[in-house]
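Structural features, examined
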Amino acid sequence: MAVETSSADRERPPGDGGRYGERIFRPADSGEADRIDHGALAYDAITLARLRRLGAGPGWRCLDVGAGTGSVARALLRDAGVAEVVAVDRDTRFLAEDPPEGLVPLEADVLADDFDPGRFDLVHARFVLMHLPDPARMTARLAGLLAPGGVLVVGDAVDLTTGAAPDGPVTAAVRAMWRGLRDTIGTDVSWVPDCPRLLTEAGLESVAAEIHVPPLEAGSPISRFWADTWERSRDAMTATGLVDDEGLDEALRSLGAAEFAGFSPGMLTAWGRAPGAAN
């Protein structure tokens, strides 16, 4: 009997541009930290509020996967008062800048077979799994890093450019972005709505999820984030044939126009708790 599998069950073929941060979105590129921080300004408050509602606070030992500039890790220490955050990334140059007490930068590859930094009360990964092959395997691996009663929280992008989405330059740019990033660095968001199932299959309990869609307003952090992202992935986007340079320039002008109204890609956050009593 043939068994139907979702995109989350299949390992994605690698793109021709290496992985995230190698040819596109390289940490060494001028302005990359600013691009990441624009995204942080759009999402950090939502993320931190969810982590605190799940119990993150004094005494907790946390792992932040794909920590970027460290905005979530620093907020956990500063605002939630957790004991420690191990902030892991393949390039920790941004994390090493004036680290607060309790922040432990760890330069490591989460795909490496020997990646095992310990057990944590909280494991958090935002906009990470969408760039990695085999999200189901990675979800199970992150769940395995939880202490008894610990919580795994993952957030990834949700594509709202469905067939019912209004046509226009921004919609065309978003569609070209997802296709171009998949073709070059293997980014895939098609499986993201299935994330709660992956958490359940990883053995976690009390699984739930929510979606946040920040408004696209002229000059807002999220509009600046997408503008920077499109400029950095312009070649990959135009190579799809879904948008040309003129169309992309029109989309960028739309993002900066006060009269523009449209949807940003959303962020689906899902979480689940490891069996057993918390320490």
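See above for the structure.
First things first, this report covers the structure right here in the doc. The structure presented is a predicted model; accordingly, all values stated were derived computationally and were not measured.

With that settled, consider the overall build of the protein. A count of helical and extended segments in the protein gives eight helices and seven strands. Against the compact-globule benchmark of 19 Å for 279 residues, the protein has a radius of gyration of 19 Å, which places it among compact chains. Referenced to the eigenvectors of the C-alpha coordinate spread, the extents of the protein come out at roughly 55 × 55 × 30 Å. Of all 279 residues assigned to the protein, the portion counted as buried reaches 51%. Contacts in the protein between residues at least 24 apart in sequence constitute 75% of all its contacts with a sequence separation of at least 6. Carbon and sulfur atoms make up 51% of the accessible area of the protein, which totals about 12600 Å². Of note, the protein has its 27 positive side-chain charges centred 2 Å away from the centre of its 44 negative side-chain charges.

In this fold, Arg 74 is placed in helix 2 (residues 71-80). No salt bridge is formed by the buried Arg 74, whose closest oppositely charged neighbour, Asp 98, lies at an N-O distance of 5.7 Å. One polar contact links the side chain of Arg 74 to the main-chain carbonyl oxygen of Asp 98, over a distance of 3.1 Å. Every residue in contact with Arg 74, bar those within four places of it in the chain, is listed here: Thr 69, Phe 94, Leu 95, Glu 97, Asp 98, Pro 99, Pro 100 and Leu 103.

As enumerated under the stated definition, the model contains four aromatic pairs in all. Pairing Tyr 43 with Phe 127 gives two aromatic rings, centres 5.2 Å apart and planes at 70 degrees, and the pair type is edge-to-face. Of this pair, Tyr 43 sits in helix 1 (residues 32-53) while Phe 127 is found in the loop between strand 4 (120-126) and helix 3 (135-143), placing the two residues 84 residues apart along the sequence. An aromatic cluster of three or more residues is present, and its members are Trp 178, Phe 225 and Trp 226.

Moving on, we get to the sheet that holds strand 4. Across a sheet, paired strands are connected by hydrogen bonds in the backbone, their directions being either parallel or antiparallel. Strand order in this open sheet of seven strands is 3-2-1-4-5-7-6, and the pairing throughout is mixed. Of all the strands in the sheet, the pair left with one neighbour each is strand 3 (103-107) and strand 6 (205-212). Mean inter-strand twist for the sheet, computed between neighbouring axes without regard to direction, equals 15 degrees. When strand 6 meets strand 7 (residues 266-273), the two strands line up antiparallel, connected through six bridges. Its bridge partner lying in strand 7, Glu 205 is registered against Arg 273. In the packing of helix 1 onto the sheet, contacts are made with strand 4, strand 5 (146-158), strand 6 and strand 7, and the angle to strand 4 comes to roughly 155 degrees. Sheet contacts for helix 3: strand 1 (61-65), strand 4 and strand 5; angle to strand 5, the most-contacted strand, approximately 150 degrees.

Side chains that are three or four residues apart share a direction in an α-helix, a result of its 3.6 residues per turn. Counted at 1.5 Å a residue, the expected span for helix 4 (residues 169-185) with its 17 residues is 24 Å, and the 23 Å between its end C-alpha atoms agrees. Restricting attention to buried positions, one finds in helix 4 the residues Val 170, Thr 171, Ala 173, Val 174, Ala 176, Met 177, Trp 178, Gly 180, Leu 181, Thr 184 and Ile 185. Where helix 4 ends, the next residue or the one after it, Gly 186, has phi of about 85 degrees, a positive value.

For helix 8 (residues 245-255), the complete set of buried residues consists of Gly 247, Leu 248, Ala 251, Leu 252, Ser 254 and Leu 255. End-on view of helix 8: buried residues confined to an arc of 155 degrees, all on one side of the axis. For helix 8, the exposed residues lying more than 90 degrees away from the buried face are Glu 246 and Arg 253.

So, how was this worked out
Residues numbered from 1 in each chain as written. Predicted model: local features only at pLDDT ≥ 70, side-chain atom pairs only at ≥ 80, totals over all residues. Heavy atoms only, no water. Helix = DSSP H or I, 4+ residues; strand = E, 2+ residues; numbered from the N terminus. Rg over C-alpha atoms; globule rule 2.2 N^0.38 Å. Buried < 20%, exposed > 50% of the residue type's maximum accessible area, 1.4 Å probe, protein only. Contact = heavy atoms within 4.5 Å. Areas by Shrake-Rupley, 256 points an atom, 1.4 Å probe, with all protein chains shown as cover. Lys, Arg positive; Asp, Glu negative; His and termini not counted. Charge placed at Lys NZ, Arg CZ, Asp CG, Glu CD. Salt bridge = Lys/Arg side-chain N within 4 Å of Asp/Glu carboxyl O. Polar contact = N/O pair within 3.5 Å; in protein donor to acceptor, adjacent residues only side chain to side chain. Phe/Tyr/Trp six-rings, centres within 6.5 Å; stacked < 30°, edge-to-face > 60°. Pairing = 2+ DSSP bridges. Axes fitted to C-alpha atoms, helices over the stretch in contact; angles between N-to-C directions. Expected span 1.5 Å × (residues − 1). Arc of directions from axis to C-beta.

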